[in-house]
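Read off the chains here:
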2 protein chains.
Amino acid sequence: MSAATRLRRLDESATITVFEKGPYTSYANCGIPYALSKVIKDDAALILHTPKYFKEYFNVDVYLNTEVVEIDRINEQVCTRIVGEAEIRRVDYDKLILSQGAEAVQPQIDGVDQSHVVTLRTISDLQAIRTMMLKRCLRDVCIIGGGFICLEAAENLRKIKFGVSIIEQSAHVLPPIDADIAQVLHTELKRNGVKLYLNDTARRIEHSHVVLASNGREIPADLVILAVGVRARTSLAKLASLEIGAQGVKVESHMETSDEDIYAVGDMVETKHIIQQQPGVVALGGPANRQGRIAADDIAGRPVCYRGNIGAVICQVFDLSVGLAGLSVSALRYLGQDPLYVTVHPPNHASYYPNASPITIKTAFEKSTGCILGVQAVGIAGVDKRIDVLATAMQARMTVFDLEHLELSYAPPYGSAKDPVNMVGFVGSNLLRGDYQIIHAEDINIKNLKAWQVVDVRSPEEFATGHLPGAINLPINTLRNQLSKIDKSTPTLVYCYIGYRGYLAYRILSQRGFSVVNLDGGLKTVVEGGIKL
Amino acid sequence: MSAATRLRRLDESATITVFEKGPYTSYANCGIPYALSKVIKDDAALILHTPKYFKEYFNVDVYLNTEVVEIDRINEQVCTRIVGEAEIRRVDYDKLILSQGAEAVQPQIDGVDQSHVVTLRTISDLQAIRTMMLKRCLRDVCIIGGGFICLEAAENLRKIKFGVSIIEQSAHVLPPIDADIAQVLHTELKRNGVKLYLNDTARRIEHSHVVLASNGREIPADLVILAVGVRARTSLAKLASLEIGAQGVKVESHMETSDEDIYAVGDMVETKHIIQQQPGVVALGGPANRQGRIAADDIAGRPVCYRGNIGAVICQVFDLSVGLAGLSVSALRYLGQDPLYVTVHPPNHASYYPNASPITIKTAFEKSTGCILGVQAVGIAGVDKRIDVLATAMQARMTVFDLEHLELSYAPPYGSAKDPVNMVGFVGSNLLRGDYQIIHAEDINIKNLKAWQVVDVRSPEEFATGHLPGAINLPINTLRNQLSKIDKSTPTLVYCYIGYRGYLAYRILSQRGFSVVNLDGGLKTVVEGGIKL
């Protein structure tokens, strides 16, 4: 609809027709989990616009429940059929825009075809679930899959007092983010009564439970929500012999397919990932809207290029927000890259102002240039702001050095004179300039810790609450006076709670000839990240 | 202290000494208004660090209550004196960093020297006010000045039930922003019981009231807070014959003064404004911190340039947040520039998600390039995020065209698939590409409205609640069918509530040969901006 309405604004004379297979157009599928819990009180609020609106405002004809079953490229016609009817109607086109989106991947599980096994993508799905809630006494819901919709569904189902289990085949929820960030979400999910079954799959779905593949354990499930991901809807394009890539329909920079009169946009196409530099499907509303505009612009003779995606996402998980822009460290490694990364835990706003809470920000950047490759953040407040600032910085191809200098607005309720984004810049730049060496939480273990003299520079009170194995306690405020207690000839690992005092200790020791590393992100990263020593 | 601690991290061997005239170091003066109302419960929370901390953590010697009275540049010594004593001590330096900040401007008002006339900048000020509150029965406070601290003070004084009046000599509060944005704040201040006296000054301060200059009216005032602005503290630098500019001490890009062994940082120096391209004082914590780091870097032989300021600010005003990055339209005009600007009112997040509220964003950009020159925003939620995203975009020298393409994170609780920042991009780009013509609210009046046929494209229900003089109502959803009701040969002004439907009407009419302008930001901009027709 972004394409249709943009084109109308550019061209009053065109005949613009939209065929939609489903019963609604322009509905807010991102709001569906929230409608389930009545956080969004009225389903009607999800239906943003009707065919009547598009006709009256934009002189666009929208045909609902009407499927395009074939594209006749030779005659420039589409063949349409009203859902449930047989008659085929042929409609001429000069330019055609495909915007068919993605479809839920249907996992191969015994019993997946039962009526209590549903997806949660459309208003019809929502209504089907609600009908079931009314008809039957549902108590437990099992969600198969651990992506964004899964987490939103889990939160909203807990709000209306359902028992919720999540079965995720990988080691953590939200596979696009790193395990240590996801671990913070695991803690939050469990704290809110969600049962997690990770590294596992559903072997079989019974009427009232799901059987795990691993140990045959039965997970109660009066309702099963399948959310194992989506796949670009490419069958129509395939049938028309348009070029298809590994994940979706191939398009050029003006969103045209291999047929110059046919465009494709949204979740069904492959576009360039700015960091990954490879084509891929990005199933996000922002990019889809922009792509629609660009297709319309090109049709109207205003060629504007699509610049690619960075995959900026944000998700509420109970009291936390988690966000990603660019790629996680594990995703970068999977692509063969070897990025540097740092983790910081600054407060969302001035610590002396009430309700300050830490944000964990993990930032990956290029070793040779400092160019930001990916940022992940999780916390109670202010996460979306930092993700968006950093997403903007990434699109401007900024480096961690640029983040040191970035001027952001500050008043006590909103931030700090040194904003969390600046902190990322300070720590990343220090590392790149060689001002300090770090070791990551994921790289320490019981065995290699023995090779270091491990110095905990926190206070004795903090040290007493728990510390790394073999650590000695030399609080930062007395470190300079206690240097005789450590051995200059032994490599030294320093750490504190979030990394700052460890950094100070690094600077004190390294300038005195010690060989030092600081634990990146401190003990908090080890504990919250669920790092097993 | 940023300079001192940064230098210590870079150089363990240096002798670093800090002289502070006042009784505290490193206290959070930004938090003082909030401590007044006990939003920040304990004053101690404002004192971020003590000399003991700096000695133990950083081996930095901090001398409080110690004034530097003279700089002996020939011998590279400073002359210090303990406050209240006579003895002068001379201390050698190799490098000297001045960080004396700014001092409150003392207005020339009769009665300004009385004990109930105070400033609100330091912990001592805070304590003095609190002592007065305990000793006397204070009911009414008059704030002279209308800047950021004034507004924060007004909010916090109302929270603890004081009567509050503000006397501001210009036509609106927050002179760095435009009148129409300030008008939104005026409404909020009045809604919260703050009395505003604009375009006025205090002629005389009596024991229990302030007399206005304009009409001699008496404003009740058991306490008077002076907040008419600050001035760089340059007297010591002047005494040392360092170069001083129009507003503060002159510095080069590594923060060195005209004496290469003397640096100056913070509110006392003139630095380059990135948009203004002129030196000026920016009294903000973020820039001050960065400048301190840069001075230390330079001393340690790591030359890093200061990149200049954009003046990114944010302020809470009761239930609203107001922010600015770059320059207002009036400030740009004052500098002789003739920027384009647009005003949008998008919701802070998806409108179907609960508690969506509009943000008014006014963005100025260069006519020739689209380069963003200034952004002002006001609203209930999400203002700080958009200011920071746009501040980042400005520092990356982005244009309004870039904002169209900017990918930001989206989920219903946080934003929209078309974020408010994208909306700024769409509207600005449409204007720059000549896709539509606008007229600004400030440029319409009863007289020139008569030259147009004025078409209100809102619904009849909206039209009935009030409309522009002489407007006819042709709702956008029936406009194409009612074209015969308007005259193609008469210039046409279209408008709606926030500008979007007016834009659609513009596109419909202009493509049919009408000569059209759309009212930028719609009727909301006229009404909220307090535009007098």
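Since we're looking at a predicted model, the values are computed, not measured. (Residues numbered from 1 in each chain as written. Chains lettered and ligands numbered in written order. Predicted model: local features only at pLDDT ≥ 70, side-chain atom pairs only at ≥ 80, totals over all residues. Heavy atoms only, no water.)

Thoughts on the overall build of chain A
1) Next: Within chain A, the regular secondary structure consists of 16 helices and 30 strands.
2) Next: Relative to the 2.2 N^0.38 estimate, which gives 24 Å for 533 residues, the radius of gyration of chain A is 27 Å and therefore close to what a compact globule would have.
3) Next: Its C-alpha atoms give chain A principal-axis dimensions of roughly 90 × 55 × 40 Å.
4) Next: The 533 residues of chain A split such that 57% are buried.
5) Next: Accessible surface for chain A amounts to roughly 21000 Å². Of this, 50% is attributable to carbon and sulfur atoms. (Helix = DSSP H or I, 4+ residues; strand = E, 2+ residues; numbered from the N terminus. Rg over C-alpha atoms; globule rule 2.2 N^0.38 Å. Buried < 20%, exposed > 50% of the residue type's maximum accessible area, 1.4 Å probe, protein only. Areas by Shrake-Rupley, 256 points an atom, 1.4 Å probe, with all protein chains shown as cover.)

Section: the packing of helix 10 (residues 383-395) of chain A against helix 10 (residues 383-395) of chain B
1) Next: Contact geometry for helix 10 of chain A and helix 10 of chain B: axes closest at 9 Å, N-to-C directions at 15°. For the element pair helix 10 of chain A / helix 10 of chain B, the angle class is roughly parallel. The two elements helix 10 of chain A and helix 10 of chain B cross, and the hand of that crossing is right-handed. Across the interface between the two elements, D384, K385, D388, V389, T392 and A393 of chain A from helix 10 of chain A touch D384, K385, D388, V389, T392 and A393 of chain B from helix 10 of chain B.
2) Next: Here the contact of helix 10 of chain A with helix 10 of chain B is composed, by residue class, of four nonpolar, two polar and six charged. (Axes fitted to C-alpha atoms, helices over the stretch in contact; angles between N-to-C directions. Parallel < 35°, antiparallel > 145°, perpendicular 65-115°, else oblique. Left-handed = near helix turned anticlockwise from the far one by under 90°. Contact = heavy atoms within 4.5 Å. Nonpolar A, V, L, I, M, F, W, Y, C, P; charged D, E, K, R; others polar.)

Things to note about the UniProt feature "domain: Rhodanese" (unreviewed entry) in chain A
1) Next: Within this numbering scheme, the UniProt entry marks residues 448-528 of chain A as carrying the feature "domain: Rhodanese" (unreviewed entry).
2) Next: Regarding residues 448-528 of chain A, the helix share stands at 31% and the strand share at 17%, and the terminal C-alpha atoms are separated by 21 Å. (UniProt positions renumbered as here; feature names shortened; annotations may be inferred.)

Remarks on the interface of chain B and chain A
1) Next: Taken together, the contact pairs 90 residues of chain B with 90 residues of chain A.
2) Next: Of the roughly 7700 Å² buried between chain B and chain A on both sides combined, carbon and sulfur atoms contribute 52%.
3) Next: A salt bridge links R302 of chain A to D435 of chain B, with the nearest nitrogen and oxygen atoms 2.5 Å apart.
4) Next: Taken together, the connections running from chain B to chain A amount to 46 residue pairs in polar contact (both at pLDDT 80 or more).
5) Next: Partitioned by chemical class, the residues of the side of chain B that touches chain A number 47 nonpolar, 19 polar and 24 charged. (Buried area = accessible area lost by both parts, 1.4 Å probe. Salt bridge = Lys/Arg side-chain N within 4 Å of Asp/Glu carboxyl O. Polar contact = N/O pair within 3.5 Å; in protein donor to acceptor, adjacent residues only side chain to side chain.)

Here we look at the sheet that holds strand 19 (residues 269-272) of chain B
Sheet strands line up and pair through hydrogen bonds in the backbone, either parallel or antiparallel.
Residues and elements named next belong to chain B.
1) Next: Taken together, the three strands give an open sheet; going across it, the order is 17-19-20, and neighbouring strands pair in mixed fashion. Two strands in the sheet have a free side with no partner beyond their single neighbour: strand 17 (249-250) and strand 20 (279-280).
2) Next: Two strands pair when backbone bridges link them, and strand 19 and strand 20 are joined in this way by two bridges, in the antiparallel orientation. Along strand 20, the bridge assignment pairs K272 with P279. (Pairing = 2+ DSSP bridges.)

What to know about the pairing of strand 22 (residues 320-326) of chain B
Residues and elements named next belong to chain B.
1) Next: Most of strand 22 sits inside the fold, with seven of its seven residues counted as buried.
2) Next: Pairing analysis gives five bridges linking strand 21 (residues 313-317) to strand 22, with the strands arranged antiparallel. Across the sheet, C315 pairs through a bridge with V322, a residue of strand 22.
3) Next: Across six bridges, the pairing between strand 22 and strand 25 (residues 372-379) is antiparallel. If you follow V322 over to strand 25, its bridge partner there is V378.

Description of the pairing of strand 9 (residues 140-144) of chain A
Residues and elements named next belong to chain A.
1) Next: Counting buried residues in strand 9 gives four out of five residues, a clear majority hidden from the surface.
2) Next: As paired elements, strand 9 and strand 10 (residues 163-167) share five bridges and run parallel to each other. Across the sheet, the residue bridging to V141 is V164, located in strand 10.
3) Next: Chirality of the crossover, the property in question, places the unit of strand 9, helix 5 (residues 148-159) and strand 10 among those that are right-handed.
4) Next: Here four bridges tie strand 9 to strand 15 (residues 223-226), and the two strands are oriented parallel to one another. Within the sheet, the bridge partner assigned to V141 lies in strand 15 and is L223. (Right-handed = clockwise from strand over helix to strand, strands pointing away.)

Details of the relation of the copies chain B and chain A
1) Next: It takes a turn of 180° to lay chain B on chain A, together with a shift of 0.0 Å along the axis; the resulting RMSD is 0.0 Å. What the rotation and shift describe, once combined, is the action of a two-fold rotation axis. (Least-squares fit on C-alpha atoms with pLDDT ≥ 70 in both.)

Overview of helix 8 (residues 285-299) of chain A
Residue and element names in this part refer to chain A.
1) Next: The terminal C-alpha atoms of helix 8 lie 21 Å apart, and with 15 residues this matches the ideal 21 Å at 1.5 Å per residue to within 8%.
2) Next: For helix 8, the buried fraction is high: twelve of the 15 residues fall into the buried class.
3) Next: Within helix 8 the residues assigned to the buried category are G286, P287, N289, R290, Q291, G292, R293, I294, A295, A296, D297 and D298.
4) Next: The positive-phi residue at the C-terminal boundary of helix 8 is G301, with phi of around 80°. (Expected span 1.5 Å × (residues − 1).)

Concerning the packing of aromatic side chains
Residues and elements named next belong to chain B.
1) Next: Per the stated rule, a full pass over the model turns up 20 aromatic pairs over all chains.
2) Next: Geometrically, the ring pair formed by Y53 and F54 is edge-to-face, given 5.2 Å between the ring centres and 80° between the ring planes.
3) Next: Overall, Y53 belongs to the buried group, its relative accessible area being 16%.
4) Next: The exposure class assigned to F54 is buried, which follows from its relative accessible area of 2%. (Phe/Tyr/Trp six-rings, centres within 6.5 Å; stacked < 30°, edge-to-face > 60°.)

Structural notes on unusual backbone geometry
1) Next: Positioned with a positive phi, N59 of chain A is a non-glycine residue whose angle comes to about 50°.
2) Next: Along the polypeptide, N59 of chain A turns up in the loop between helix 3 (51-58) and strand 2 (60-63).

Focus: the domain arrangement of chain A
Residue and element names in this part refer to chain A.
1) Next: Taken domain by domain, chain A consists of domain 1 (2-23 + 64-101 + 232-299), domain 2 (117-228), domain 3 (319-432) and domain 4 (443-528).
2) Next: If you average the C-alpha positions of domain 2 and of domain 3, the two centres end up 30 Å apart.
3) Next: Of the residues lining the interface, ten residues belong to domain 2; the matching set on domain 3 comes to eleven residues.
4) Next: Both faces considered, domain 2 and domain 3 share a buried interface measuring about 990 Å² in area, 61% of it formed by carbon and sulfur atoms.
5) Next: Among the residues making up the side of domain 2 that touches domain 3, the classes are represented as six nonpolar, no polar and four charged. (Domains from an automatic or database assignment.)

Let's talk about the side chain of R293 of chain B
1) Next: Looking at the secondary structure, you find R293 of chain B in helix 8 (residues 285-299).
2) Next: Once residues lying within four places of it in the same chain are set aside, the contact partners of R293 of chain B are E404 and F426 of chain A together with A3, R6 and R9 of chain B.

Description of the sheet that holds strand 15 of chain A
All names here are of chain A.
1) Next: Taken in spatial order, the five strands make up an open sheet running 8-15-9-10-11, and their pairing is parallel. The outermost strands of the open sheet, each flanked by one partner alone, are strand 8 (117-119) and strand 11 (194-197). For this sheet the average axis-to-axis angle between neighbouring strands, irrespective of direction, equals 25°.
2) Next: Bridge count for strand 8 against strand 15 is three bridges, and the pairing is parallel. Across the sheet, V118 pairs through a bridge with I225, a residue of strand 15.
3) Next: Against the sheet, helix 4 (residues 123-135) engages strand 8 and strand 15, with an angle of about 145° to strand 8.
4) Next: Each of strand 10 and strand 11 is contacted by helix 6 (residues 179-191), which is oriented at about 135° to strand 11, the strand it contacts most.

Describing a nonpolar patch on the surface
Residues and elements named next belong to chain A.
1) Next: There is a patch of nonpolar side chains on the surface, built from Y497, I498 and Y500 and spanning about 250 Å² of accessible area.
2) Next: Here Y497 is to be found in the loop between strand 29 (492-495) and helix 15 (500-510).
3) Next: The exposure class of Y497 is partly exposed, given its relative accessible area of 36%. (Patch = residues over 30% accessible without salt bridge, like charges linked within 9 Å, V, L, I, M, F, W, Y side chains within 5 Å.)

Considering helix 10 of chain A
1) Next: In this model helix 10 of chain A runs 18 Å from its N-terminal to its C-terminal C-alpha over 13 residues, within 8% of the 18 Å that 1.5 Å per residue would give.
2) Next: Taking burial as the measure, the 13 residues of helix 10 of chain A include 13 buried ones, the bulk of the element.

Details of the pattern of salt bridges
1) Next: Tallied over the entire structure, the rule returns 60 salt bridges over all chains.
2) Next: Its salt-bridge partner being D419 of chain A, residue R386 of chain A comes within 3.0 Å of it at the nearest N-O pair. Of this pair, R386 of chain A sits in helix 10 while D419 of chain A sits in the loop between helix 11 (400-405) and helix 12 (420-432); the two residues are 33 residues apart in sequence, bridging distant segments of the chain.
3) Next: Of the charged contacts in the structure, one is a salt bridge between R458 of chain A and D456 of chain A, with a shortest N-O distance of 2.7 Å. Summarising the burial analysis for this pair, R458 of chain A and D456 of chain A share the class buried.
4) Next: Linked by salt bridges that have partners in common, E12 of chain A together with R480 and R512 of chain B make up one network.

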